[in-house]
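# A closer look at the structure
Here is what each chain is made of, one letter per residue.
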Amino acid sequence: KITAEQTEDKIILSGLLKGKKIYTEQMNDAVEWSQSITYTLSRFSLSDKEEEVFRIFRPDNFEPVIFKAIKTGLDTLEINKRKIPVKKISLRPKGIKSVFWKGEYSFRNTDGLFIKYVGKNGGPGSPETVIILKE
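Each chain carries its own residue numbering, running from 1 in the written order of its sequence. Where local features are concerned, this predicted model is filtered to residues with pLDDT of at least 70; where side-chain atom pairs are given and counted, the filter is 80 or more; whole-chain, interface and lining totals use all residues. Heavy atoms throughout the structure, all of them, feed into the side-chain values; hydrogens and water do not.

Numbering of helices and strands starts at the N terminus; helices are DSSP runs of H or I of at least 4 residues and strands are runs of E of at least 2. Helix and strand content of the chain: one helix and ten strands. In the chain, the order of α-helices and β-strands from amino to carboxyl end is β-β-β-β-α-β-β-β-β-β-β. Overall size of the chain, expressed as C-alpha extent along the three principal axes, is 50 × 35 × 30 Å. With a 1.4 Å probe rolled over the protein chains alone, any residue whose accessible area is under 20% of its type maximum counts as buried; one over 50% counts as exposed, and the rest are partly exposed. Put simply, the chain has 135 residues, and 32% of those count as buried. Throughout, a contact is declared for two residues whenever any of their heavy atoms are within 4.5 Å. Contacts in the chain between residues at least 24 apart in sequence constitute 29% of all its contacts with a sequence separation of at least 6. The protein chains shown are the only cover counted for residues, whose accessible areas, like all others here, come from Shrake-Rupley with a 1.4 Å probe. For the chain, the exposed area adds up to about 8800 Å²; of that, 54% sits on carbon and sulfur atoms. For this count, His and the chain ends are skipped, Lys and Arg are scored as positive, and Asp and Glu as negative. By convention, the charge on Lys lies at NZ, on Arg at CZ, on Asp at CG and on Glu at CD. Within the chain, the 18 negative side-chain charges are centred at a point lying 6 Å from the centre of the 24 positive side-chain charges.

Right under this line is the structure:
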């Protein structure tokens, strides 16, 4: 159980992680904190911005990770024999970690509905994960 509290100048994480008490404070700098990647990217897909920088806290160790999202173009995906126009977004952590991981997301043009994800959900050597909206 972890609680995250955002104040004007810091983000405080406290609670239990694997049975151990944790307490950490992170500076609340100019990088927006948004724990839900899909929600953040959905909003971004509908915006006029071409790139977005935000941070999350890793759920396994609560270390902060800063991500950079870039709109990479438009596409059409077929789901249940329906063609859906989507905006594609590439997501990478900032810094040296960008060499090791990226995620490719697709969101419906009209309302930002999450349609597809392709990427790895682990370190180097982990299998590729594909998530697609079925209906």
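Another aspect to go through is helix 1 (residues 37-46). Quick reminder: α-helices carry 3.6 residues per turn. Residues three or four places apart thus point the same way. Turning to helix 1, its buried residues are Ile37, Thr40, Leu41, Ser42, Phe44 and Ser45. Tucked inside the fold, the buried residues of helix 1 contact strand 5 (51-57), strand 6 (64-79), strand 7 (82-93) and strand 8 (103-108).

We now examine the pairing of strand 7. Two strands pair when backbone bridges link them, and strand 6 and strand 7 are joined in this way by twelve bridges, in the antiparallel orientation. For Leu77, the partnering residue across the bridge sits in strand 7 and is Ile84. Here strand 7 runs beside strand 8; their pairing, made up of six bridges, is antiparallel. Residue pairing in the sheet places Ser90 in a bridge with Glu104 of strand 8. Between any two strands, pairing holds if DSSP finds at least two bridges.

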